[in-house]
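Single-letter residue listing:
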Amino acid sequence: MCRLVIYKSTEPCKLADLLTRPAHSIINQAFDSRLRLDLRRPINGDGFGVGWYDTSEQDDSEPCIFTSITPAWNNANLTRIAEKIRSRLVFGHVRATTAGSLSQDNCHPWRHGRLMWMHNGGIESFEVLKRSLQALLPDDIFSIPQGNTDSEWAFALFLSILSNHIHPKPLLSPDPIPHLVLRRAMLDTIQTLNSLAKKHGITDPSLLNFCIADGQTVVATRYVSSSTQEAASLYYSSGTSFSEYAPGGHYRMSKSDKRENIIMIASEPLTFEKADWMEIPTNTMVVITPKMNLLQIPIVDEFYVPNLARSRASEFAATKGLLSLKTPTVPPKQYGEVA
C-alpha cells in the first residue's frame, strides 16, 4: 500500500504546508491512516519521494526529485528542505513495499526530462508480463529504469508510447507537451497493459492510479481493469487558498470566489473537512490544464460502467489497503500483491 498527493497552484506553496505541517498530511497518513487501513502493512515506512518544479526557472523545465528509503516522518532533511522550498507543482509519495526491493531507485516519483511520474496500485502478475512489456521498448527507453518495480517499468512504457505521439520531437525536448497528447499516451499505456494481461491469461485486475506531469499539465487516473471492482481511492480538492485555520496543523481549502487557484489530488483527503474533498469516480482520468482547468474524463473501454448503472465492490482494492470497505463482506479472497 502506497499513497500519493499532487499539488498544483498559480502561486508557489511552501512544501511544509503540504507535506509536514498539516495534521493529516501524507506523511502523517503514512503511520496514522483514517480511511485506508492496510492490515497487512499498516505503516508506509519503506521510503518516500517528493518531486517539484523550481519556481525560479522561467520554463519550469525539469523537476527536482528528493527520495529516501527512511520513513518520511523521521527524515530531518525532508523537514528542513520543506521549510525552504516553494513550488507551484508538487508530487509526493510514501511507500509500503509489496513489489520491488527496498531501494532508493524504487522510490517514486521518477523523472525523464521535464516529465515526472508516480503510481499507486499494482500491475497484476507483473512478473508474468514483464518480459513482454520490455520487448515493446526501444533501446534508449529500455535503459531508463534503474529499479525493479512495476511502476517504473510502466513509466518506461508510457515514455515509449509518448515518443511515438510527439515524433519527431525528442522526449528530452524542453517544450511543454499539449495535454491532449499526454492524455492519449496515458490511455494507450493502460490499453497496452490490458492487452498484455489478456495475452498472458491474467484475470485478476490491475490497479492503475497513474500520475504524469510536465511542469504545466497534470494527468492522473483512477483505474482498475475490472467492471465490477472499485479502483484504489483518489480524491480532489480545489479552491483559492489552502491554509492553517487552527493550531495543531488543522488546514482547510477555502473558496473566496469561483477561481481555482489551487487543485490537489490525493489518495486520502489531507484535511478533516469533508466538504473540501470530492471522490474521483472509478475509471476516470483527471487533467489539470496549464490554465488551471480541472477536467474529469471517463475512461471508456471494456471495463467502463456508467457510475449510475451499477455499483462496484470494494473488496479487491480493500484487500490491498487501497480502499476502505464500503459494506461488510465475507473474508476477502487473497489476491496478488501490489507495488
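Cut-offs applied
- The residue numbers shown here count from 1 along each chain, following its written sequence.
- Local features in this predicted model are restricted to residues whose pLDDT is 70 or higher, and side-chain atom pairs enter the listing and the counts only when it is 80 or higher, whereas totals over whole chains, interfaces and linings include all residues.
- In computing side-chain properties, one takes all heavy atoms of the structure into account and sets aside hydrogens as well as water.
- Secondary structure elements follow DSSP: runs of H or I of four or more residues count as helices, runs of E of two or more count as strands, with numbering from the N terminus.
- Relative accessible area decides the class of each residue, using a 1.4 Å probe on protein chains only: under 20% of the type maximum gives buried, over 50% gives exposed, and in between gives partly exposed.
- Contacts are residue-level and defined by heavy atoms, with any inter-residue pair within 4.5 Å sufficient.
- Here the open area of atoms and residues is found with the Shrake-Rupley method and a 1.4 Å probe, where only the protein chains shown may cover a residue.
- Ring geometry is summarised as follows: Phe, Tyr and Trp rings, the Trp one being its six-membered ring, pair when their centres sit within 6.5 Å, and such pairs are stacked at plane angles under 30 degrees, edge-to-face over 60 and tilted between the two.
- Expected helix span is taken as 1.5 Å per residue step, with the number of steps being one fewer than the number of residues.
- We treat two strands as partners when DSSP finds at least two bridges between them.
- Predictor confidence is given residue by residue as pLDDT, running from a minimum of 0 to a maximum of 100.
- Definition used for salt bridges: Asp or Glu carboxyl oxygen within 4 Å of a side-chain nitrogen of Lys or Arg.
- A fitted line through C-alpha atoms represents every axis, and for helices the fit uses only the stretch in contact; the resulting angles, taken between N-to-C directions, go from 0 to 180 degrees.
- By definition in this entry, angles of less than 35 degrees are roughly parallel, angles greater than 145 are roughly antiparallel, angles of 65 to 115 are roughly perpendicular, and the rest are oblique.
- Helix crossings get a hand from a simple test, with the near helix turned counterclockwise from the far one by less than a right angle marking a left-handed crossing and a clockwise turn marking a right-handed one.
- Polar here means any residue outside two lists: the nonpolar Ala, Val, Leu, Ile, Met, Phe, Trp, Tyr, Cys and Pro, and the charged Asp, Glu, Lys and Arg; Gly therefore counts as polar.

A.B. asks: What's the story with the overall build of the protein chain in this structure? I'm lost.
C.D. replies: Check the secondary structure of the protein chain and you find eight helices and 15 strands. Counting over 339 residues, the protein chain shows a buried share of 57%. Considering only intrachain contacts with a sequence separation of at least 6, the fraction spanning at least 24 residues in the protein chain is 70%. Accessible area for the protein chain stands at about 14,300 Å²; split by element, carbon and sulfur atoms hold 51% of it.

A.B. asks: Explain the packing of aromatic side chains here, please?
C.D. replies: Aromatic ring pairs are defined here through the distance separating the ring centres and the angle between the ring planes. For the structure shown, the criterion picks out six aromatic pairs. Taking the centre distance of 5.7 Å and the plane angle of 75° together, the rings of Phe 48 and Phe 66 count as edge-to-face. One end of the pair, Phe 48, is in strand E2 (residues 48–53); the other, Phe 66, is in strand E3 (residues 63–68), and 18 residues separate them in sequence. Note on Phe 48: relative accessible area 2%, which makes it buried. Geometrically, the ring pair formed by Trp 117 and Phe 210 is tilted, given 4.8 Å between the ring centres and 35° between the ring planes. Taken as a pair, Trp 117 in strand E6 (residues 115–122) and Phe 210 in strand E7 (residues 207–213) lie far apart in primary sequence, 93 residues in all.

A.B. asks: Sorry, what's going on with helix H4 (residues 126–135) here?
C.D. replies: Given 3.6 residues per turn, any residue in an α-helix points the same way as the ones three and four places further on. Along H4, the positions that sit buried rather than exposed are Phe 126, Leu 129, Ser 132, Leu 133 and Gln 134. Residues of H4 that are buried sit in contact with helix H5 (139–142), helix H6 (150–166) and helix H7 (179–199).

A.B. asks: For this particular structure, what's the right way to read H6?
C.D. replies: In this model, H6 (17 residues) spans 24 Å end to end at C-alpha, consistent with the 24 Å of a helix rising 1.5 Å per residue. Buried residues dominate H6, accounting for 15 of its 17 residues.

A.B. asks: I keep staring at the environment of Arg 86 and nothing clicks. Help me out?
C.D. replies: Tracing the backbone shows Arg 86 in strand E4 (residues 86–94). In the structure, Arg 86 is positioned 32 residues away from Asp 54 in sequence and 7.6 Å away in space, judged by C-alpha atoms. Ignoring anything within four residues of it in the chain, the contact list for Arg 86 reads Pro 12, Cys 13, Lys 14 and Thr 55.

A.B. asks: Is there a simple way to explain the sheet that holds strand E12 (residues 262–266) in this structure?
C.D. replies: Strands belonging to one sheet form pairs held by backbone hydrogen bonds; the direction of such a pair is parallel or antiparallel. Spatially, E3-E2-E4-E1-E12-E9-E13 is the arrangement adopted by the seven strands of the open sheet, whose pairing is antiparallel. With one partner strand each, in any of the chains shown, E3 and strand E13 (278–279) form the two edges of the open sheet. With five bridges joining them, strand E9 (residues 235–239) and E12 adopt antiparallel strand pairing. Residue pairing for E12: Gly 239 is matched across the bridge by Ile 262.

A.B. asks: Would you mind showing me how to read the confidence of the model for the protein chain here?
C.D. replies: Parts of the model with low pLDDT should not have their predicted coordinates read in detail. Of all residues in the protein chain, 85% attain a pLDDT of 70 or more, and the chain-wide mean is 87. Note that residues 327–338 has pLDDT below 50 and, in this model, 26 contacts with residues that lie over four places away or in other chains.

A.B. asks: I tried to follow the pattern of salt bridges on my own but got confused; where do I start?
C.D. replies: A side chain with one charge can pair with a side chain of the opposite charge if their charged atoms come near. Taken as a whole, this structure holds nine salt bridges when the rule is applied. In this structure, Arg 21 and Glu 83 form a salt bridge, with 2.6 Å as the shortest nitrogen-oxygen distance. Of this pair, Arg 21 sits in the loop between helix H1 (16–19) and helix H2 (26–29) while Glu 83 sits in the loop between helix H3 (76–82) and E4, and the two are 62 residues apart along the sequence. Taking relative accessible area as the criterion, Arg 21 reaches 36% and is therefore assigned partly exposed. For Asp 175, the salt bridge goes to Lys 169, with nearest N and O atoms at 3.7 Å. Linked by salt bridges that have partners in common, Asp 17, Arg 21 and Glu 83 make up one network.

A.B. asks: Looking at this structure, how should I read the sheet that holds strand E15 (residues 294–298)?
C.D. replies: Pairing in this open sheet of six strands is antiparallel, and the strands run E5-E6-E7-E8-E14-E15 from one edge to the other. Single-partner strands in this sheet number two, and they are strand E5 (110–112) and E15. The mean angle between the axes of side-by-side strands here comes to 20°, regardless of whether they run parallel or antiparallel. Sheet analysis places strand E14 (residues 284–288) next to E15, joined by five bridges and oriented antiparallel. Of the residues in E15, the one forming a bridge with Thr 284 is Pro 298. Against the sheet, H7 contacts E6, E7, strand E8 (218–222), E14 and E15, and its axis sits at roughly 155° relative to E7.

A.B. asks: In this structure, what is going on with the packing of H4 against H6? I would like to understand it.
C.D. replies: The description of two packed helices rests on the angle between their axes and on the distance between the axes. Following both chains from N to C, one finds H4 and H6 inclined at 25°, their axes separated by 11 Å at the closest point. As the angle between them shows, H4 and H6 are arranged roughly parallel. As for the relative orientation of H4 and H6, their crossing is left-handed in sense. Contacts from Phe 126, Lys 130, Leu 133 and Gln 134 of H4 reach H6 at Asp 150, Trp 153 and Leu 157. Within the contact of H4 with H6, the residues separate by chemical class into four nonpolar, one polar and two charged.

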